[in-house]
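An overview of the molecular structure
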Amino acid sequence: MLINNVKIVDAKKVLYGSVLIEDGLIKKIFKEDEDINLPKDTEIIEGKGFALLPSFVDMHCHLRDPGYLYKEDLKSGQKAALKGGYTTLCTMANTKPVCDNTSVLQYIFDKSRKLDLCDIIQISALTKDLEGKELVDFEEMLKYTKLFSDDGKTIFSEEIMKKALILSNKFKFRVLTHCQPEFEIIKRDLNLLEEVGGNLHICHISLKKTLDLIKEFKDKGFKFTCEVTPHHIFGYELDYRVNPSFRKKEDVESLIEGIKQGYIDVIATDHAPHSLEDKRNGAPGISLIEVAFSMVYKVFYENGISLNKLSELMSYNPARILNLNCGLIEEGYDANLILVDLDEEYRIDTDDFISKGKNNPFNGEKVLGKVKMTFKKGSVKYDNR
């Protein structure tokens, strides 16, 4: 397959040309003035001058399967993700039953394999039944995953968190933390990191004072990663329940500045679909995976942040953190790619969502940039040209 006549953009470059795909990998990149000799049976996709980016890697989302299929399931969630340009999803463990044992992990992997949509990296619970009291059997769970999180719930026990960080060094896994109250718990965890080390990823930061703390520890040389969500840089002071809450304008401005300065490593969706009834009853969360790129690109465009930086935070950095062979448009990398019209402006319409979750407070708002095609290992998984 040749994707012809595109603006090739990733974390490290911008160039115009074409990309040849063979056996699921990027075989060759042709510059626009370069002669191209192809086998007769090559499928040619006309890129129309659109941008070709590495597809996105979501380090934090909720697909609700097993147990909450009325909110979302592996099929609807992955199809929504592909529409949004994502081909790899790290799915959280707050399912029913909780993903704290290998039988639930096996169910998710088996179902996902049969669907053949996205690559699923299932996150295990950090503690049994997400209760924050007893750590899971890491040695058993590590046969399936290297990511552990009680996301949706905070680990309030300092002793449990300390043990988890120590073991994350021993067994080479990563702890993804949900921190509420945000500043206080993140301060505790960074102090523990300073004391015992470990592999820490801080989920969905939202406060200026949290970012200032992260800057302080990163400037001291401590190694950890952190993420922001699209909605925490897109909106502020909304009366709409998400965890963490929508913050003040100054917090949003601080996060955007933190992105420019390189202190924020990842943009992750925290896609959290709910039924209308559950949302009316106070369930926190937002459904946004299929519009996440358009929300982020609008913010970046309006704040003079490059598309390279967007690709770094949504593709390259998460792929690097997870040791994946994707996230850049380079020869030998998996052909996980998206074709994007950067100029298309549209309004978010939750009625058009593939996701079962229609819970999004930005319904009707204008966003910028639209995914036209999504490729996973050279296979077309979404096409809306």
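Worth saying up front: this structure is predicted, and the values here are computed from it rather than measured.

1. Digging into the overall build of the chain
Along the chain, the regular secondary structure elements total 11 helices and 16 strands. Counting only C-alpha atoms and orienting by the principal axes, one finds that the chain spans roughly 65 × 45 × 45 Å. A fraction of 73% describes how many contacts in the chain between residues 6 or more apart in sequence connect residues 24 or more apart. With the model as given, the accessible surface of the chain reaches about 15,800 Å², and the carbon-plus-sulfur share is 44%. Counting 55 positive and 62 negative side-chain charges, the chain places the averaged centre of each group 2 Å from the other.

2. Regarding helix H4 (residues 158-171)
The end-to-end C-alpha distance of H4 is 20 Å, a good match for the 20 Å that 14 residues give at a rise of 1.5 Å each. Within the sequence span of H4, burial applies to Ile160, Met161, Ala164, Leu165 and Ser168. Burial along H4 is one-sided: seen end-on, the buried residues are contained in an arc of 135°. On its buried face, H4 is in contact with strand E10 (174-177), helix H5 (182-196) and strand E11 (200-202). Of the residues flanking the end of H4, it is Lys172, one or two places downstream, whose phi is positive at about 60°.

3. What about the side chain of Asn336?
Here Asn336 shows up in the loop between helix H11 (307-321) and strand E14 (337-347). Looking at Asn336, its side chain comes within polar contact range of the main-chain nitrogen of Lys377, at 2.8 Å. Setting aside anything within four residues of it in sequence, one finds Asn336 in contact with Leu53, Pro54, Ser55, Thr87, Cys326, Phe375, Lys376 and Lys377.

4. As for the sheet that holds strand E12 (residues 225-228)
By way of backbone hydrogen bonds, the strands of a sheet pair with one another, either parallel or antiparallel. Here 5 strands make up an open sheet; going across it, the order is E9-E10-E11-E12-E13 and the pairing parallel. The open sheet terminates on both sides in strands that have one partner only, identified here as strand E9 (147-148) and strand E13 (266-267). Two elements, E10 and E11, share 3 bridges in a ladder whose sense is parallel. The partner of Thr177 across the bridge, within E11, is Ile202. In this fold H5 packs onto E10 and E11, with an angle of close to 165° to the strand it touches most, E11.

5. A short note on the packing of aromatic side chains
According to the stated counting rule, one finds 11 aromatic pairs in the structure shown. Judged by centre distance (5.5 Å) and plane angle (25°), the ring pair of Phe56 and Phe293 falls under stacked. Residue Phe56 is found in strand E6 (residues 56-61), and its partner Phe293 is found in helix H10 (residues 292-302); the two are separated by 237 residues along the sequence. You can call Phe293 buried: its relative accessible area is 2%. Taking 4.5 Å as the distance between ring centres and 20° as the angle between the ring planes, the aromatic pair formed by Phe138 and Phe173 counts as stacked. Note that Phe138 is positioned in helix H3 (residues 138-141) and Phe173 in the loop between H4 and E10, a separation of 35 residues in sequence. In this structure an aromatic cluster arises from ring pairing among Phe56, Tyr86, Phe293, Tyr297 and Tyr301. Across from the ring centre of Phe30, 5.4 Å away, lies the NZ or CZ of Lys28, which sits over that ring.

6. Quick notes on the pattern of salt bridges
Enumeration according to the criterion identifies 24 salt bridges in this entry. In this structure, Lys13 engages Glu330 in a salt bridge whose closest nitrogen and oxygen atoms are separated by 3.0 Å. With Lys13 in the loop between strand E1 (2-9) and strand E2 (14-22) and Glu330 in the loop between H11 and E14, this pair connects stretches of sequence that are 317 residues apart. On the basis of relative accessibility, which here comes to 16%, the residue Lys13 falls in the buried class. One connected set of salt bridges, linked through shared partners, spans Asp10, Lys13 and Glu330.

Conventions used here
- Residues numbered from 1 in each chain as written.
- Predicted model: local features only at pLDDT ≥ 70, side-chain atom pairs only at ≥ 80, totals over all residues.
- Heavy atoms only, no water.
- Helix = DSSP H or I, 4+ residues; strand = E, 2+ residues; numbered from the N terminus.
- Contact = heavy atoms within 4.5 Å.
- Areas by Shrake-Rupley, 256 points an atom, 1.4 Å probe, with all protein chains shown as cover.
- Lys, Arg positive; Asp, Glu negative; His and termini not counted.
- Charge placed at Lys NZ, Arg CZ, Asp CG, Glu CD.
- Expected span 1.5 Å × (residues − 1).
- Buried < 20%, exposed > 50% of the residue type's maximum accessible area, 1.4 Å probe, protein only.
- Arc of directions from axis to C-beta.
- Polar contact = N/O pair within 3.5 Å; in protein donor to acceptor, adjacent residues only side chain to side chain.
- Pairing = 2+ DSSP bridges.
- Axes fitted to C-alpha atoms, helices over the stretch in contact; angles between N-to-C directions.
- Phe/Tyr/Trp six-rings, centres within 6.5 Å; stacked < 30°, edge-to-face > 60°.
- Lys NZ or Arg CZ within 6 Å of the ring centre and 35° of its normal.
- Salt bridge = Lys/Arg side-chain N within 4 Å of Asp/Glu carboxyl O.

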